[in-house]
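The primary structure of each chain is shown beneath.
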Amino acid sequence: MGEKTKLLKDCRVLDFSNEMGFLCGKILGDLGADVIKVEEPGGDPSRSLGSFYKDIPHPEKNLYWFAYNHNKRGITLDIETETGKEILLKLIKKTDLVIETFEPGFLKKLGLDYDSLAKVKPDIIVTSITPFGQSGPYKDYQGSDLVLTAMSGFMSVLGDTDKPPVRPTLPQSYMWIGMHAAEGALMAYYHRGMTGEGQHVDVSGQTGVTWAASIAPSFYDFNQEVPKRAGSFITGRSITGAIMRAVYPCKDGYVTYIIYGGPAGIRTNKRLTEWMDSKGMAPDYLKNKDWNKFNIATVTQEEIDQIEDANMKFFKTVTKEEFFKHVIDQDMLGYPVNTAKEIIEDEQLQSRGMWQEVEHEELGTKITYPAFFTLFSSIACGFWRRAPLIGEHNEEVYAEIGLSKKELLSLKKANVI
Amino acid sequence: MSKQIFEGIKIAEFAAIAAGPLIGKHMADHGATVVHVESHERPDGFRQNYPPYKDNKPGINRSGAFTMCNNNKYGVTINLKAKGGVDLAKRLIAWADIVIENFTPGTMKKLGLGYEDMKKVNPDIILLSSCNQGQTGPHAFHPGFGSHLSSLCGFTYMTGYQDRLPCILYGPYVDHIGVGYGVIAAVAALEHRRRTGEGQFVDLAQYEVGVQFMIPALLDYSINKRVPERDGNRHGYAAPHNTYRCQGEDRWCVISVFNDDEWKTLCKVMGREDLVSDPRFKTIPARKQNEQALDSEIEKWTSKLTAEEVFKKLQDKGVKAGFVENMDDMFKDPQLKHRGFWAAVDHPEIGRYHAEGPPFLFSKTPFKIDRPAPMLGEHNETVFQKFVGMPKDEYDRLIEEGVIA
């Protein structure tokens, strides 16, 4: 196999996204695109989201920014000024793809929407990401992670039965939306390669998150059943309505073990009984059970409760690590409930080369990042550069469209860049 | 009218459940010709082990999970264990541009259908393998489902309340992350082939794509030695930021306020301008500190309204609010309707059902959902005779020999 290629190395992306769309440009960057993150002069407000490097609240030390804006260069530009607009149109001539998260209609007012840009660069692709889409009754409504988790149906199936629905505390909706936006952008780019034709891609945040609720819509569509949140239990696996526990407390945290049917489920159930028995903890009703006749689709809640009662007692006596080792050795279904710590220490990810130490010379340190999202035999998918400082590549990028250092200085003084 | 993006692209799926087949579904929605391979002995697991079934009556062609993941596809049956089964699979592989498989690593190779075997019959084939933990490494062969991976990837730990057990995410959450990244990987491989004429092998580990959604938590740990903890609907520096009870049974709205202006607007809409000057709620730190009292003041207001009313009243004034849409709400949502999100298709056994449209709309190459998921083996004749070009007598013989079965 020859050297892997940076697939998108000749694809120039201008990324005007806020936190809702960061991942889109990052993914294109992972595949080698020249992604230029465009911030307003002074820096993007999203540089204040979440945690900071060593808890120092500084816009150039923001971890969310580090996480999803690496593999991008960074410039500043005020596109609301005439001068800024003119510079943007110069950049557009050398751009293949624009990512933006402005409110619907904002770019049109500035004369910078898809139709206007296509006049300057006919095969341009513009990927617009908004909470609800470019048109429709909710188009002007605002989004947040909480709003999009709720309005996508995802939240309705998350949380304890006796408490209000919850969102995952680490925001997930922007990841879903950014990922799907990258799909749309890349599909449009491929189409352009095949036909020469650019187009506008309208990504709706609400529809970007729906798959997080998996097949839940089907219960309603088929049988007018409304799936409900069930805490640490799995629902919808049995036509008797039985629910299965998916989180058990263990000695030092939690493990995920779920009673399943099918060949892998039955093997797992058998081996857990054997494991319990080896510690003298398997009750007779488990030892005598004919697992081969176990049918998850028709099992009753009573039978599930009885099995889970024994599981509950047993898992309290094992650690996460013991559980993990055992399920791997015995080819059983189940995993520990990992925290960030255990993910970083995981030997599988390490053996795949998932972690890359990246020099942050501006901080005088190295930071460990995921090195790739997928392994391709011929495409390089990697970590190429840390996230940009504010306006870090102004000189470099603007020189590429012929602006002199002197011009840059006056633009800076005018607060255009 | 432009062509659809993947018109002319042929995909063969040796895949089941969600992670593999949904990649093909998304590409079929945009014009790819996708053949889903099963057998009567081993039908797609979604057909038989997972509700819902139409009218709660189990049946091989009655599965909601299967039909959600396979609209616009062709369904064939090949018994890979029968003599001649692998040869037949190879003819389909020779026809295809992309093969998608999501078996446990090594399974396809053992059958004689590994990447090297595929290349012999189709030198520029793209093989996309999606599995639990990757094709290599000490845990490569370990089987797992999406719900287990949700825990391995850290999502379970981050959902719920600290004084309670963590909540499991609904469904095979990580499978669906693998689907998004799977489409990205497939299109990247197609683009590479467009440029170079070469196919390739793609090793997608669902664990690794799941990790992409966790990066901020991983950085927080590796840099600040802090394990991020679940905290209900709370937010580090936004308040109010929660779910609030509304009128009706199990009805909830959400309100997220990130700055003092939004807070003032919220108070105004609630008719509670007295709260603006209340020292307990004046600043973000004050609101964070008195969050419980804050939440109960807000719930006094929301509990008198429907969730939809709260959503509209606040959004009309620019406050980031919403309501917890359950699946009933989702099918009635006017915005989703506007985007043509629920696409009706008619299935011979199920009747009318709805497939889910894509999250993005293209201005020149719209998606098209116009066929239901296939019944088991429904398109054997079309695929083997028309697509693959098999003579009828051979086709009849393969059925008789239990290869197409």
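The structure presented is a predicted model; accordingly, all values stated were derived computationally and were not measured. (Residues numbered from 1 in each chain as written. Chains lettered and ligands numbered in written order. Predicted model: local features only at pLDDT ≥ 70, side-chain atom pairs only at ≥ 80, totals over all residues.)

What to know about the sheet that holds strand β6 (residues 200-205) of chain B
Here is step 1 of the chain: Strands sit in the order β14(A)-β6(B)-β5(B)-β4(B)-β1(B)-β2(B)-β3(B) across an open sheet of 7 strands; the sheet is mixed. At either margin of the open sheet sits one strand with a lone partner, and together these are β14 (375-376) of chain A together with β3 (74-77) of chain B.
Here is step 2 of the chain: Judged from the 2 bridges that link them, β14(A) and β6(B) form a sheet pairing that is antiparallel. If you follow Phe376(A) over to β6(B), its bridge partner there is Val202(B).
Here is step 3 of the chain: Against the sheet, helix α17 (residues 380-387) of chain B engages β2 (33-38) and β3 of chain B, with an angle of about 90 degrees to β3(B). (Pairing = 2+ DSSP bridges. Helix = DSSP H or I, 4+ residues; strand = E, 2+ residues; numbered from the N terminus. Contact = placed C-beta atoms within 7 Å. Axes fitted to C-alpha atoms, helices over the stretch in contact; angles between N-to-C directions.)

Re the environment of Asp123(A)
Here is step 1 of the chain: Summarising the element assignment, Asp123(A) is placed in the loop between α5 (114-120) and β5 (125-130).
Here is step 2 of the chain: Excluding anything up to four places from it in sequence, Asp123(A) contacts Arg192(A), Gly196(A), Glu197(A) and Gly198(A).

Details of helix α10 (residues 262-278) of chain A
All names here are of chain A.
Here is step 1 of the chain: With 17 residues, α10 extends 24 Å from end C-alpha to end C-alpha; this agrees with the ideal 24 Å at 1.5 Å per step.
Here is step 2 of the chain: All of the buried residues along α10 are Gly265, Thr268, Asn269, Leu272, Thr273 and Met276. Taken end-on, α10 shows its buried residues confined to a sector of 135 degrees, consistent with a single buried face. The exposed set on the far side of α10, more than 90 degrees from its buried face, consists of Pro263 and Ser278.
Here is step 3 of the chain: For α10, the elements touching its buried residues are α11 (284-287) and α12 (301-315).
Here is step 4 of the chain: Residue glycine 280 follows α10 closely and has a positive phi angle near 65 degrees. (Expected span 1.5 Å × (residues − 1). Buried ≥ 20, exposed ≤ 12 C-beta atoms within 10 Å, placed from the backbone. Arc of directions from axis to C-beta.)

Observations concerning the packing of helix α7 (residues 173-195) of chain A against helix α8 (residues 173-196) of chain B
Here is step 1 of the chain: Following both chains from N to C, one finds α7(A) and α8(B) inclined at 20 degrees, their axes separated by 9 Å at the closest point. On the basis of their axis angle, the class for α7(A) and α8(B) is roughly parallel. α8(B) is crossed by α7(A), and the crossing has left-handed handedness. Each of Met179(A), His180(A), Ala182(A), Glu183(A), Leu186(A), Met187(A), Tyr190(A), Gly193(A) and Met194(A) in α7(A) lies in contact with α8(B), whose residues at this interface are Gly180(B), Tyr181(B), Val183(B), Ile184(B), Val187(B), Ala188(B), Leu190(B), Glu191(B) and Arg194(B).
Here is step 2 of the chain: For the contact of α7(A) with α8(B), the residue count by class is 12 nonpolar, 3 polar and 3 charged. (Parallel < 35°, antiparallel > 145°, perpendicular 65-115°, else oblique. Left-handed = near helix turned anticlockwise from the far one by under 90°. Nonpolar A, V, L, I, M, F, W, Y, C, P; charged D, E, K, R; others polar.)

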